[in-house]
Amino acid sequence: MVRDLETLSGQEFDLIVVGGGIQGACVAREAALNALRVALIERGDFSSATSHHSLKLIHGGIRYLQQFDLARVIRSIRERRFWLRAAPHLIRPLKVVVPTFGHGLRGRGAFIMATLIYNVLGLRANAGVAPSRRVGLARTIARRRLLGLLPEADESDVSGGAIWYDGQMTHADRVVLECIQQCTEHGGLCANYVSAEQVEAREGRVTGLRARCLLTKRPLTIRAPLIVNASGPWLMELPRQALNDHEVFPQSFNLNLALRCTPREYAFALRSRQLADSKIGEVKRFLFFTPWYGVTVAGTSHTPYYGDINHPQAEIEKVGRDFLAEINSTLKSRQFSTDDIVYTYWGLTPGDDANKGSGRALKSEILDHGPEGFSGLFSVAGVKFTTARYMAENVLRQLARLDGRGIMGKDDVPLPGGEDFVDDATLRRDLLAQFPSGERAVDHLMQYFGTMTLRVMQEPVGLDNAEAVQLGEGLARHVVYSARHEMVQTLSDFLVRRFNGVQGGRVSDRHVRCVAQLLGRELSWSRRQVDAEVAQFLSAFPS
């Protein structure tokens, strides 16, 4: 990927996508695979907002059975299959254990029926999925078996348990990045740190937008007859500017906590004191605890939010304290303090005033601004990582009605690192056959790049012995490749989103400086800039 602002402002595109989170990335990917000339811009780094802060689960939708929403269950099963097929190097099956209660709609008997329905709806859940990434059948278990897996659930009304399988992203940011990369491989042009400022229109139809590079302050004009606004928390800023509308739109503040707690091999849920979004009466919601890189991620807290979307620090601290208290009252076997918080994941998603408890919108939505005088401008309010590709396909079908193009859903095309993937052992064996002395480098790179690891290992990097010793060959190659081909602009771009060197426990100060020096060499940073990048990172992520 090349950040080419000259071409971005110098040619006309079929479609501009605003937003480099999972929703915008999927729209750009689907459009480019359908042969549209696509430009994507993101005001920060790719996947730096809500998509970065997800619970990292690709849901199979079993929980929608309690809302009697079978269509959404089927859709979630299908999209989980897509992600497991498209990104097997980044997404793996994860067993989820949940207690059942009493003999009503949350009892074991009801779950027996629910799992039967779910398994029937998911008969093709593993079609085309690599054997090592296939999900198991949902099932129920007896109370004794449940308590063996989940002793914290020893309550008088626990009648048994249910087990199902979701997908878990090992690196959610890289899922987003590979969607954007695939867009560029099919002719798209993408750029981070470019902010959309104003929609341009003539005679009721959009003609493009004015934008600005936030690194150089350079103004840009990007031309296209179609614009998809997928800017997440900033979703309504662009149409509000166009319509001179100053209405405040509700947001839902979502928060997950990565806790210093030895994880189990499976995710589990425990009953919280708060109510769930359910159609089966007033029932307590589940808190989910998922294993991830040596820590346990607890989620998710949802609260209505009307504050400044650019400065939510006070809300992070308040909601974080409240959520930690909820976790402690739920997980009675362990009490956590703020010192146990390794990383705080927070993000904003579209809200809904009708949902008084959490304030969150429960379904994604596509807004057509044509009736408002901006034909060709659409906004996508996505609420789930899992169904982002499906939403992107629907967006393109709406665009097709304007320009008459035929659109095909691209749910059978793997992401770049998932091409020709069989299983981890086969990939590792094939790579070591070519790089017999690079075992540690291969093991590091495989988990990020999948079948693209060969490309990374073949990249001429010119490492000296000191760099290779300090960082290890794998991480050093990772730094160089990301600097050259993944649009890294800052030290945090690499350490937080290309490498995930913070969330599971921050890398050492020595490694931080060594990475900065290597990035500086690739990106022509001065010594002063290297020092500034290190200082800024250490301030944001103190040890």
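These numbers were taken from a predicted model, which means no experiment stands behind them.

The rules behind each value
Residues numbered from 1 in each chain as written. Predicted model: local features only at pLDDT ≥ 70, side-chain atom pairs only at ≥ 80, totals over all residues. Heavy atoms only, no water. Helix = DSSP H or I, 4+ residues; strand = E, 2+ residues; numbered from the N terminus. Contact = heavy atoms within 4.5 Å. Areas by Shrake-Rupley, 256 points an atom, 1.4 Å probe, with all protein chains shown as cover. Lys, Arg positive; Asp, Glu negative; His and termini not counted. Charge placed at Lys NZ, Arg CZ, Asp CG, Glu CD. Phe/Tyr/Trp six-rings, centres within 6.5 Å; stacked < 30°, edge-to-face > 60°. Lys NZ or Arg CZ within 6 Å of the ring centre and 35° of its normal. Pairing = 2+ DSSP bridges. Axes fitted to C-alpha atoms, helices over the stretch in contact; angles between N-to-C directions. Buried < 20%, exposed > 50% of the residue type's maximum accessible area, 1.4 Å probe, protein only. Salt bridge = Lys/Arg side-chain N within 4 Å of Asp/Glu carboxyl O. Polar contact = N/O pair within 3.5 Å; in protein donor to acceptor, adjacent residues only side chain to side chain.

J.: So what's going on with the overall build of the protein chain? Which residues, and what values?
T.: Along the protein chain, the regular secondary structure elements total 17 helices and 18 strands. Dimensions of the protein chain, computed from the C-alpha atoms along their principal axes, are close to 65 × 60 × 45 Å. A fraction of 72% describes how many contacts in the protein chain between residues 6 or more apart in sequence connect residues 24 or more apart. Surface summary for the protein chain: the accessible area is close to 22500 Å², and the carbon and sulfur share equals 50%. Across the protein chain, 66 positive and 59 negative side-chain charges occur, with their mean positions spaced 5 Å apart.

J.: Would you mind going over the packing of aromatic side chains in detail, with residue names and values included?
T.: For any pair of aromatic rings, the description rests on two quantities: the centre-to-centre distance and the angle between the ring planes. In total, this model carries 14 aromatic pairs according to the counting rule given. The interplanar angle of 5° and the centroid separation of 6.0 Å between the aromatic rings of phenylalanine 253 and tryptophan 346 together place this pair among those described as stacked. Of this pair, phenylalanine 253 sits in strand β12 (residues 251–259) while tryptophan 346 sits in strand β16 (residues 341–350); the two residues are 93 residues apart in sequence, bridging distant segments of the chain. When the ring centre of phenylalanine 288 is taken as reference, the NZ or CZ atom of arginine 63 above it lies at 4.6 Å. If you follow arginine 264 out to its NZ or CZ, it ends over the ring of phenylalanine 268, 4.4 Å from the centre.

J.: With reference to specific residues and values, describe the sheet that holds strand β9 (residues 205–213).
T.: Read from one edge to the other, the open sheet built from three strands follows the order β8-β9-β10, with strand pairing classed as antiparallel. Each edge of the open sheet is held by one strand with a lone partner, namely β8 (194–202) and β10 (219–223). Along the sheet, successive strands turn relative to each other by an average axial angle of 25°, direction set aside. Taken together, the eight bridges between β8 and β9 define a ladder with antiparallel strand orientation. Within β9, the position partnered with alanine 196 by the bridge is alanine 211.

J.: Report on the sheet that holds strand β17 (residues 365–368), specifying residues and quantitative values.
T.: Pairing is mixed in the open sheet, where six strands are placed in the order β7-β2-β1-β11-β18-β17. Because the sheet does not close on itself, it has two edges, and the strands there are β7 (189–192) and β17. Pairs of neighbouring strands in the sheet enclose a mean axial angle of 15°, with direction left out of account. As paired elements, strand β1 (residues 15–18) and strand β2 (residues 38–42) share four bridges and run parallel to each other. Within β2, the residue paired with valine 17 across the bridge is leucine 40.

J.: Please set out the side chain of glutamate 152 residue by residue, giving values where relevant.
T.: Note on placement: glutamate 152 falls in the loop between α5 (143–149) and β6 (158–169). Glutamate 152 sits in the buried class, given a relative accessible area of 16%. If near-sequence neighbours (up to four positions away) are discounted, glutamate 152 is found in contact with Arg264, Leu270, Leu331 and Ser333.

J.: Residues and numbers for the pattern of salt bridges, please.
T.: Tallied over the entire structure, the rule returns 34 salt bridges. Between glutamate 522 and arginine 484 there is a salt bridge whose closest N-O contact spans 2.8 Å. Taken as a pair, glutamate 522 in helix α16 (residues 509–523) and arginine 484 in helix α14 (residues 473–485) lie far apart in primary sequence, 38 residues in all. Judged by its relative accessible area of 21%, glutamate 522 is partly exposed. Salt bridges sharing partners connect three or more residues here, namely Arg29, Glu30, Arg78, Glu79, Arg389, Glu393 and Arg397.

J.: Explain unusual backbone geometry to me, using residue names and the numbers behind them.
T.: Residue threonine 300 is reached from glycine 299 by a cis peptide bond, and omega for that bond is 0°. Mapped onto the secondary structure, threonine 300 falls in strand β15 (residues 295–305). Residues other than glycine seldom take positive phi values, yet glutamate 203 does so here, at roughly 55°. Mapped onto the elements, glutamate 203 comes out in the loop between β8 and β9. On the accessibility criterion, glutamate 203 (81% relative accessible area) is exposed. Although it is not a glycine, lysine 217 adopts a positive phi angle of roughly 70°. The residue lysine 217 is located in the loop between β9 and β10 in this model. By relative accessible area, lysine 217 is classed as exposed at 53%.

J.: With reference to specific residues and values, describe the environment of arginine 334.
T.: The topology assignment puts arginine 334 in the loop between α8 (313–330) and β16. Spatially, the C-alpha atom of arginine 334 lies 21 Å from that of glutamine 503, the residues being 169 residues apart in sequence. Setting aside its immediate chain neighbours within four residues, arginine 334 contacts Arg260, Cys261, Asn328 and Asp340. There is a polar contact of 3.3 Å between the side chain of arginine 334 and the backbone oxygen of arginine 260.

J.: Provide a residue-level description of helix α15 (residues 491–498), including the pertinent values.
T.: Most of α15 sits inside the fold, with eight of its eight residues counted as buried. Turning to α15, its buried residues number three or more, namely Leu491, Ser492, Asp493, Phe494, Leu495, Val496, Arg497 and Arg498. The opening residue of α15, the one whose side-chain oxygen lies 3.4 Å from the backbone nitrogen of serine 492, is threonine 490. Just beyond α15, the residue with positive phi is asparagine 500, at close to 60°.

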